[in-house]
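What follows is the residue order along each chain.
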There are 2 protein chains.
Amino acid sequence: MSKDLDQLAISTIRLLSVDQVDAAQSGHPGAPLGLAPAAHAVWKRMRFNPKNTDWINRDRFILSNGHGCALLYSLLFLYGYDLSIQDLKQFRQLGSKTPGHPEAHDVPGVEVTTGPLGQGISNAVGLAIAQKQFAATYNKPDFTLSDSFVYAFLGDGCLMEGISSEASSLAGHLQLNNLIAFWDDNRISIDGDTNVAFTEDVIARYKAYGWHTIEIAHGDTDLDAVSKAVDEAKSIPDKPTLIRLTTTIGFGSLQQGTHGVHGAALKADDVRQLKEKFGFNPDEHFAVPNEVKDYFHEHVKENQKIEAEWNKTLASYVEKYPKEGKELQRRLSGKLPDGWKDALPSYKPSDKAAATRKLSETVLSNLLPVLPELIGGSADLTGSNLTKGTDQAEFQPPANGLGKFSGRYIRYGVREHGMGAIMNGIAAFGANYKNYGGTFLNFVSYASGAVRLSALSHLPVTWVATHDSIGLGEDGPTHQPIETLAHLRAIPNLSVWRPADGNEVSAAYQSAIESTSTPHVIALTRQGVPHLEGSSIENASKGGYTLIKQDKPDVIIVSSGSEVSISRDAIAQLEKAGIKAGLVSLPDFHTFDKQPQSYRLSVLPDGVPILSVEVLSRFGWSKYSHEQFGLDHFGASGKAPDIYKWVEFTPEGVADRAAKTVQFYKGKPILSPLNTAF
Amino acid sequence: MSKDLDQLAISTIRLLSVDQVDAAQSGHPGAPLGLAPAAHAVWKRMRFNPKNTDWINRDRFILSNGHGCALLYSLLFLYGYDLSIQDLKQFRQLGSKTPGHPEAHDVPGVEVTTGPLGQGISNAVGLAIAQKQFAATYNKPDFTLSDSFVYAFLGDGCLMEGISSEASSLAGHLQLNNLIAFWDDNRISIDGDTNVAFTEDVIARYKAYGWHTIEIAHGDTDLDAVSKAVDEAKSIPDKPTLIRLTTTIGFGSLQQGTHGVHGAALKADDVRQLKEKFGFNPDEHFAVPNEVKDYFHEHVKENQKIEAEWNKTLASYVEKYPKEGKELQRRLSGKLPDGWKDALPSYKPSDKAAATRKLSETVLSNLLPVLPELIGGSADLTGSNLTKGTDQAEFQPPANGLGKFSGRYIRYGVREHGMGAIMNGIAAFGANYKNYGGTFLNFVSYASGAVRLSALSHLPVTWVATHDSIGLGEDGPTHQPIETLAHLRAIPNLSVWRPADGNEVSAAYQSAIESTSTPHVIALTRQGVPHLEGSSIENASKGGYTLIKQDKPDVIIVSSGSEVSISRDAIAQLEKAGIKAGLVSLPDFHTFDKQPQSYRLSVLPDGVPILSVEVLSRFGWSKYSHEQFGLDHFGASGKAPDIYKWVEFTPEGVADRAAKTVQFYKGKPILSPLNTAF
């Protein structure tokens, strides 16, 4: 490719991006104008097939500064992804394939959803972890099935966010040399010059994390330097690389180098002079010179040949290593192994009471040998979350002597937000990875930004969220979730399980493992709970079901987790007082909501007052109940049984509320909360 | 103080801490055993008065690794704070003054609530900012009223959390030389040796942030080094200091240096040998040698003299500088200036429609000249949040030429979580600081960990949370909050305002400024809204009120923010169809819930079906309504009016739901959702 053609391609990318923002009169032209040369130089080096976006050995490109998505859409269009010029013209319009920030689930070729700053670079760490784990698991001395790289672009904003610090520190520790990041050092953020708030020495910081660093002084123009930097990064055996790319935001615009060009469309005369400056017709929009079109077409053809070669390699691999080959093929097809569910334990009421976190440990230990795609870890709470299965080797760089890259247990350190984004990256890698991360339920909140992106991006990750209530006891209110379940349950496309016993724990994991597009949070107790009469994996899999059925009940108690058995005991007391109470366990709102209305109404019928019982915020429970017994205040430090007594979450306390509910609704006609007007 | 006495004091601190954990059979003995010498050396140098914990010029001590709180409680007890030996014996018991993690609101002498890792060191940055701002505002060439220091202890976990990276980077930028932090480098976290996940070069990282660093090789024993390090740190004119303190976790225990000593009580024989090793009677518990008691008593007396001197200085100051002096005395008494509310703008329906973020800007611009204690900033969204008042100088180190330490506008950078914790620190400083921070509502989630601590700690900070719905338009679902209000409303002691017009914005700020113990989130629109007939600051101050009153309405619509005017237009349509609908604006659940039941029932009475209308998650609205019109899915990128049409949040769409509600409840007896059984 000649230098002139390179330049023409770059100008095309720049102007396609500017035209998108111009058509929408909304968006961010600054980053695409500054980053187009580096992006072009990187994409020239990347292996990928626009016609098979799932090819497992493709290189991944992550635009962590997602507001610059016009750049990404221009590239995807030019490289022949399923994105037309018409799509570019619909930039940021309702229903388009070119939303205001890149959305993985909706735009072909977008690897992960970015925009919320710091997420993309952290997803990239997850992708790099997955690639290392995948390669270490399936490559053979004579077969390299996986050797792809992860390229990430990130801006100053991404570097300021703590999530990127967490993920970058871990990436350095893990020696992820398959990760190559470009810092767009344009010295501008929304508040103006970065010197108002961001004057740290970024390069020194990344060196401190154990990264290799490279500096490119003229990122606006120096393609060779970018290409050489990629070579150098690829040659480093044991470190991720951060490339400082000095660029000019809004390169070529009359406002270049200012924050005026960051987040608003250029003025009409600015667009005109820009096109003239780059040798384009100022009256033409969305122009793609033929030689540019041809170049990208050729590049794709070459890349497709590479994929075809890879497919042949895979075929030989399957022949020579039928066991691994079959497993690999199964994983690439997104199927789970036959009979995997047999590994899920089930329980009888006579089985020994146990904390649901302990029951979760049993499930994980049972599933790990059956599901090679199951990997996970904890944010430095392994012994509390009980997330490590028997004999689960650690995912560590071989050099540190603590594990191996084929290990499946990840030591995340105390980095919940980074863990959440890394989990998203692992899931986005493909190969059917089912990955989980453990922390206390309360500290899932630290990762809120990543959790909502799991849900938005349809990434089936699983949070093992132990210590799920005031029942954790002495650690006190700083550690006791109150609002957390309401928060998580209000997130669309998120399954939030709070199992009451062993069978429900198994059901929660069954749902999580089977999920292909819904993330899961499994909230688990620190304290012991009994196995319930009437529970089963099958019943619990409906998200909600009747545990104690009464003929013409006076009241139905609906509950979750550790409060189900307390409610059961309350019902025994109520019976003595002549009150007939039914019991419903509702481990997951999301799953229950998907059941047919007839089933749901059979569980929570008309004509009976319903009382919900859960020892966290009552917020949201009125969706299923007429009366709510819950907490409207923070918890306290003390022995768990003492705290339960203090808040009256005892059989007596529940029975008292149930009796009051019966009394209050006596003689009143009662509609199920599930019966609604629209 | 002799070396022997120092040693005896340290042993006393260690053993009091061990005895607390032992009595509770729960807690963290490791950190107190390792950190007692450094804590002792630091507290010896600190100025504070246990009998006046609000003294504004006290040095602050922050235990960021809050799980080590037994250490802090031992010190507070020995120094004569309002904490008795009986309280130590009640460590981690329900109702005690010695909860499992230090809680600022409940334990005298605890400056900020810690435990959730990374928060304390970030609070410390806020305290240091407040001290700098306070000193620069009130010190005179001949009067130094404020020259206190902030000392923080932090562990490896705090350093792994991204929040500390955010706050530390900003602290370096701001050249906060009044901040002295000790990193307890004991190489152990819950998962064992920190080398499993945390191998970065912390000292190099902090140097990169612009911190001064010091290393102490023998933190278990070398008191002189600690004292010298404090001297050195105090002498640095323009940098915060991080002191790497190499210690042995669980020093003296049979399990010292292992994670076995981190989070569980020591075994009985271990406690015995420890006491013997330190020359104490193994059969005695909670022992305090008399000479130790006397020493601490003397120290306090000396410190009290210092405070008495300071009070004299203040008196002279008030005489010489009556204007500043009176202002200062007013602030220290926690009073707001007379007539400050006159600065709150009020509006008539004929006033021009405006985005509530714009109306918020007017309020801030009006209040800033009246309230010197009002300071705030934005997480790099100043031009979007509109958080900067006219002529609001920047809080910057004088050396960088961008502002001054008496400035009141803080450039937080893209660091929401750090900002949240820094806001908590500023509020915890005292001097009546009212401080706010701006970001998009969706990104308040990044700061969840800090927001819940504001609420738990009763710190009246204010979030200016703009772009509060799908109404932000083109930026799309990555930026559009759905679950966010449900999340925040479920947090106890948090006021979450979503004002509908100018008067409601003023009411929200009135509530925030008057608050002394409840944090506020004010959710504001990007798009314009009209000023409503019937709104007033007084009405809105009830949290919920009737905007359109009907005699015997067929339905009442209850709504918030930008959907109130849409609902109003729907009511006009319904009237034409012969349906009488009332309208209630509910800008803040928290404030409304505090009104008398009779008032609340006058707003949301029995006998009328109530429909809630809000373009975010419906979750939680059933507390106030029978039917909920809201979103159960993510938003989309597009023009705001297009998105509103897509989700049918138009007058027609609302009218349709209202008509269906009327139809559905026809003939059914209806109870207000506010009428409950218990």
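All of these numbers come straight from a predicted model, not from anything done at the bench.

Criteria and thresholds
- Residues numbered from 1 in each chain as written.
- Chains lettered and ligands numbered in written order.
- Predicted model: local features only at pLDDT ≥ 70, side-chain atom pairs only at ≥ 80, totals over all residues.
- Heavy atoms only, no water.
- Phe/Tyr/Trp six-rings, centres within 6.5 Å; stacked < 30°, edge-to-face > 60°.
- Helix = DSSP H or I, 4+ residues; strand = E, 2+ residues; numbered from the N terminus.
- Buried < 20%, exposed > 50% of the residue type's maximum accessible area, 1.4 Å probe, protein only.
- Lys NZ or Arg CZ within 6 Å of the ring centre and 35° of its normal.
- UniProt positions renumbered as here; feature names shortened; annotations may be inferred.
- Contact = heavy atoms within 4.5 Å.
- Pairing = 2+ DSSP bridges.
- Axes fitted to C-alpha atoms, helices over the stretch in contact; angles between N-to-C directions.
- Core = buried A, V, L, I, M, F, W, Y, C linked by side-chain atoms within 4.5 Å.
- Least-squares fit on C-alpha atoms with pLDDT ≥ 70 in both.
- Buried area = accessible area lost by both parts, 1.4 Å probe.
- Salt bridge = Lys/Arg side-chain N within 4 Å of Asp/Glu carboxyl O.
- Polar contact = N/O pair within 3.5 Å; in protein donor to acceptor, adjacent residues only side chain to side chain.
- Nonpolar A, V, L, I, M, F, W, Y, C, P; charged D, E, K, R; others polar.
- Parallel < 35°, antiparallel > 145°, perpendicular 65-115°, else oblique.
- Left-handed = near helix turned anticlockwise from the far one by under 90°.

A. Highlighting the packing of aromatic side chains. Taken as a whole and judged by the stated rule, the model has 64 aromatic pairs over all chains. Taking the centre distance of 5.9 Å and the plane angle of 65° together, the rings of A:F592 and A:Y624 count as edge-to-face. Of this pair, A:F592 sits in helix α22 (residues 589–593) while A:Y624 sits in the loop between β19 (610–617) and β20 (627–631); the two residues are 32 residues apart in sequence, bridging distant segments of the chain. Centroid distance B:F664 to B:Y665: 5.0 Å. Interplanar angle 75°. Geometry classified as edge-to-face. Using a relative accessible area of 9% as the deciding quantity, one classes B:Y665 as buried. Site record: aromatic cluster; members linked through ring pairs are A:W43, A:F48, A:F61, A:Y79, A:Y81, A:F153, A:F182, A:Y295 and A:F296. Taking the ring centre of A:Y409 as reference, the NZ or CZ of A:K388 above it sits at 5.7 Å. Just above the ring of A:F678 sits the side chain of B:R657; from NZ or CZ to the centre is 6.0 Å.

B. Region of the structure containing the UniProt feature "active site" (unreviewed entry) in chain A. Residues annotated in UniProt with the feature "active site" (unreviewed entry) correspond here to A:E416. As for its placement among the helices and strands, A:E416 is situated in helix α15 (residues 416–429). The contact partners of A:E416, leaving out residues within four places of it in the chain, are A:E166, A:A379, A:T439, A:F443, A:Y446, A:A447, A:W463 and B:E161.

C. Examining the sheet that holds strand β13 (residues 495–497) of chain A more closely. Residue and element names in this part refer to chain A. Spatially, β10-β9-β11-β12-β14-β13 is the arrangement adopted by the six strands of the open sheet, whose pairing is parallel. Each of the sheet's edge strands pairs with one partner strand only, and the pair in question is β10 (409–411) and β13. Neighbour-to-neighbour, the strand axes of this sheet turn through a mean angle of 20°, independent of strand direction. Pairing of strand β9 (residues 374–378) with strand β11 (residues 434–440), which is carried by five bridges, proceeds in the parallel orientation. Bridging across to β11, G376 finds its partner in Y436.

D. Representation of the nonpolar core. Counting 300 residues, the largest nonpolar core has A:L604 and B:L604 as the members making the most contacts within it. Not counting chain neighbours up to four residues away, the residues in contact with B:L604 comprise B:I556, B:V558, B:V584, B:F592, B:I610, B:Y624, B:S672 and B:L674. With 56 residues, the next largest nonpolar core counts A:A39, A:W43, A:V110 and A:Y295 among its residues.

E. Region of interest: the relation of the copies chain B and chain A. Rotating chain B by 180° and translating it 0.0 Å along the rotation axis places it on chain A, where the RMSD comes to 0.0 Å. On the angle and the small slide along the axis, the relation comes out as a two-fold axis. A symmetric contact is evident, with 100% of the interface residues of chain B recurring at the interface of chain A.

F. Focus on the interface of chain B and chain A. Listed by partner, the interface residues are 112 residues for chain B and 112 residues for chain A. A buried area of about 8,900 Å², summed over both sides, lies between chain B and chain A, and 61% of it is on carbon and sulfur atoms. Per-residue buried area on chain B facing chain A is highest for B:R452, B:F619 and B:F678; these three make up 9% of the total on that side. Two residues, B:R92 and A:D475, come together in a salt bridge whose shortest N-O distance is 2.8 Å. The interface formed by chain B and chain A holds 53 residue pairs in polar contact (both at pLDDT 80 or more) in total. Sorting elements by how many residues they give to the side of chain B that touches chain A places helix α7 (residues 162–173) of chain B first, with seven residues. Tallied by class, the residues present in the side of chain B that touches chain A amount to 44 nonpolar, 42 polar and 26 charged.

G. Main features of the sheet that holds strand β1 (residues 60–63) of chain A. Residue and element names in this part refer to chain A. With respect to topology, five strands assemble into an open sheet ordered β1-β2-β3-β7-β6, the strand pairing being parallel. Of all the strands in the sheet, just β1 and β6 (212–216) have a single pairing partner and so form its edges. The average angle at which neighbouring strand axes cross in this sheet is 15°, direction not considered. In this structure, strand β3 (residues 179–185) lies alongside strand β7 (residues 241–246), joined through six bridges in parallel fashion. In the strand pairing of β7, W183 is matched with R244. Lying on the sheet, helix α2 (residues 30–45) is in contact with β1, β2 (150–154), β3 and β7; it crosses β2 at an angle near 180°.

H. Local environment of the packing of helix α1 (residues 3–24) of chain B against helix α10 (residues 268–277) of chain B. Residues and elements named next belong to chain B. Their axes nearest at 11 Å, the elements α1 and α10 cross at an angle of 165°. Between α1 and α10, the angle falls in the class roughly antiparallel. Our pair here, α1 against α10, has a crossing hand that is left-handed. Contacts between α1 and α10 pair L15, V18, D19 and D22 from the former with V271, L274 and K275 from the latter. Counted by class, the contact of α1 with α10 contains four nonpolar, no polar and three charged residues.

I. Seen up close, the pattern of salt bridges. Per the counting criterion, the structure on display carries 68 salt bridges over all chains. Between B:E483 and A:R452 there is a salt bridge, with its nearest N and O atoms 2.9 Å apart. Taken together, the residues B:E483 in the loop between β12 (462–466) and α18 (484–489) and A:R452 in helix α17 (residues 448–456) connect one chain to another. The buried category is assigned to B:E483, whose relative accessible area is 1%.

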